[in-house]
Amino acid sequence: MYPELTNLLPLERMRHLRRDYFIRLATVVVLALSVVVVGSGALLIPSYLYLNQELQARSGVARELDTKLSASQGKVTSQRLATLSSSATYLARLATTTTATAALRGVLGVPRSGVALTGFTFSPSIPGTNGKMALTGNASTRETLRAYVMALSQLPYVSNADLPISAYAKESQIPFTITLTGTLLP
């Protein structure tokens, strides 16, 4: 056998055969692509049906929720919104108010020899108003009570230390109530 094959067809006939070959090849490629496209489309049909079913189910749920909302006229939602709004207002107010712990720590830091404190009442300062704290207790003498009131009035966060004059009526074992006003922010 010879490795070289000789084609004895005329040149025009060889061109015609080559053209027929490429036409057949193009036809097979087009048919293969069309089978792939049709097969892909057939495989997408279940996905399309599932998606359509899900959309119908969700639109049904949305219609049901709309009817429930219109039946209750949004009362529950309005109540929840009002509750959340009041909670947010309360929390915002707490962020700017004085804490009782810090105010009591500041007052208890004042030297009070001869004075025994028995009770505290605290009203925090809200922006625009001063806070109030009432201290109740017993003092051993008038001088120790006066010195304690003076020490409290010297605190930078106390604008007024009010002690009624009637507290000085007794000479010893004096019960008192001192009202402090100010920012009460030590």
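Here the structure is shown first, and the text comes after it.
Residues numbered from 1 in each chain as written. Predicted model: local features only at pLDDT ≥ 70, side-chain atom pairs only at ≥ 80, totals over all residues. Heavy atoms only, no water.

Novice: Give me the environment of Val 35: which residues, what numbers.
Specialist: Position of Val 35 relative to the elements: it lies in helix H1 (residues 11–72). For Val 35, a relative accessible area of 60% gives the class exposed. Separated by 36 residues in the primary sequence, Val 35 and Ala 71 have C-alpha atoms spaced 54 Å apart. (Helix = DSSP H or I, 4+ residues; strand = E, 2+ residues; numbered from the N terminus. Buried < 20%, exposed > 50% of the residue type's maximum accessible area, 1.4 Å probe, protein only.)

Novice: Can you tell me about the packing of aromatic side chains, naming the residues and giving the values?
Specialist: Counted by the stated rule, this structure contains 1 aromatic pair. Summarising the aromatic geometry, the rings of Tyr 21 and Phe 22 are spaced 5.4 Å apart at their centres and angled 65° between planes, so their arrangement reads as edge-to-face. (Phe/Tyr/Trp six-rings, centres within 6.5 Å; stacked < 30°, edge-to-face > 60°.)

Novice: Tell me what's going on with unusual backbone geometry, and back it up with residues and numbers.
Specialist: You will see that Gln 173, though not glycine, has its phi angle at about 50°, which is positive. With respect to the helices and strands, Gln 173 occurs in strand S4 (residues 172–182).

Novice: Can you tell me about the nonpolar core, naming the residues and giving the values?
Specialist: Leu 135, Leu 145, Tyr 148, Leu 152, Phe 176, Ile 178 and Leu 180 are the most contacted members of the largest nonpolar core, which has 23 residues in total. Apart from residues no more than four positions distant in its own chain, Leu 180 is found in contact with Val 107, Gly 131, Lys 132, Met 133, Leu 135, Leu 152, Val 158, Asn 160 and Ala 161. (Core = buried A, V, L, I, M, F, W, Y, C linked by side-chain atoms within 4.5 Å. Contact = heavy atoms within 4.5 Å.)

Novice: Explain the sheet that holds S4 residue by residue, including any values.
Specialist: On the basis of which strands lie adjacent, the open sheet formed by 4 strands has the order S1-S2-S4-S3 and antiparallel pairing. Each edge of the sheet is formed by a strand with only one pairing partner; in this case those strands are strand S1 (115–123) and strand S3 (160–162). The mean angle between the axes of side-by-side strands here comes to 20°, regardless of whether they run parallel or antiparallel. Examined bridge by bridge, S3 and S4 share 3 bridges and lie antiparallel to one another. Bridge pairing in S4 places Asn 160 opposite Thr 181. Packing against the sheet, helix H4 (residues 142–153) makes contact with S1, strand S2 (131–141), S3 and S4, and its axis sits at approximately 155° to S2. (Pairing = 2+ DSSP bridges. Axes fitted to C-alpha atoms, helices over the stretch in contact; angles between N-to-C directions.)

Novice: Requested: an account of the side chain of Thr 181, with residues and values cited.
Specialist: Within the secondary structure layout, Thr 181 lies in strand S4. Classification of Thr 181 as buried rests on a relative accessible area of 16%. Apart from the residues lying within four places of it in its own chain, the contact partners of Thr 181 are Gly 131, Lys 132, Val 158, Ser 159 and Asn 160.

Novice: Got a sec to walk through a nonpolar patch on the surface? Specific residues and values, please.
Specialist: Side chains of Tyr 21, Phe 22, Leu 25, Val 29 and Leu 33 sit close together on the surface and give an oily, nonpolar patch of about 500 Å² of accessible area. You can see Tyr 21 is positioned in helix H1. (Patch = residues over 30% accessible without salt bridge, like charges linked within 9 Å, V, L, I, M, F, W, Y side chains within 5 Å. Areas by Shrake-Rupley, 256 points an atom, 1.4 Å probe, with all protein chains shown as cover. Salt bridge = Lys/Arg side-chain N within 4 Å of Asp/Glu carboxyl O.)

Novice: Which residues make up the pairing of S2, and what values go with them?
Specialist: Along a regular strand, successive side chains alternate from one face of the sheet to the other. In terms of strand pairing, S1 meets S2 through 8 bridges, oriented antiparallel. Residue pairing for S2: Thr 121 is matched across the bridge by Ala 134. One ladder, built from 10 bridges, connects S2 with S4; its direction is antiparallel. Each residue of the ladder has a partner; that of Lys 132, found in S4, is Thr 181.

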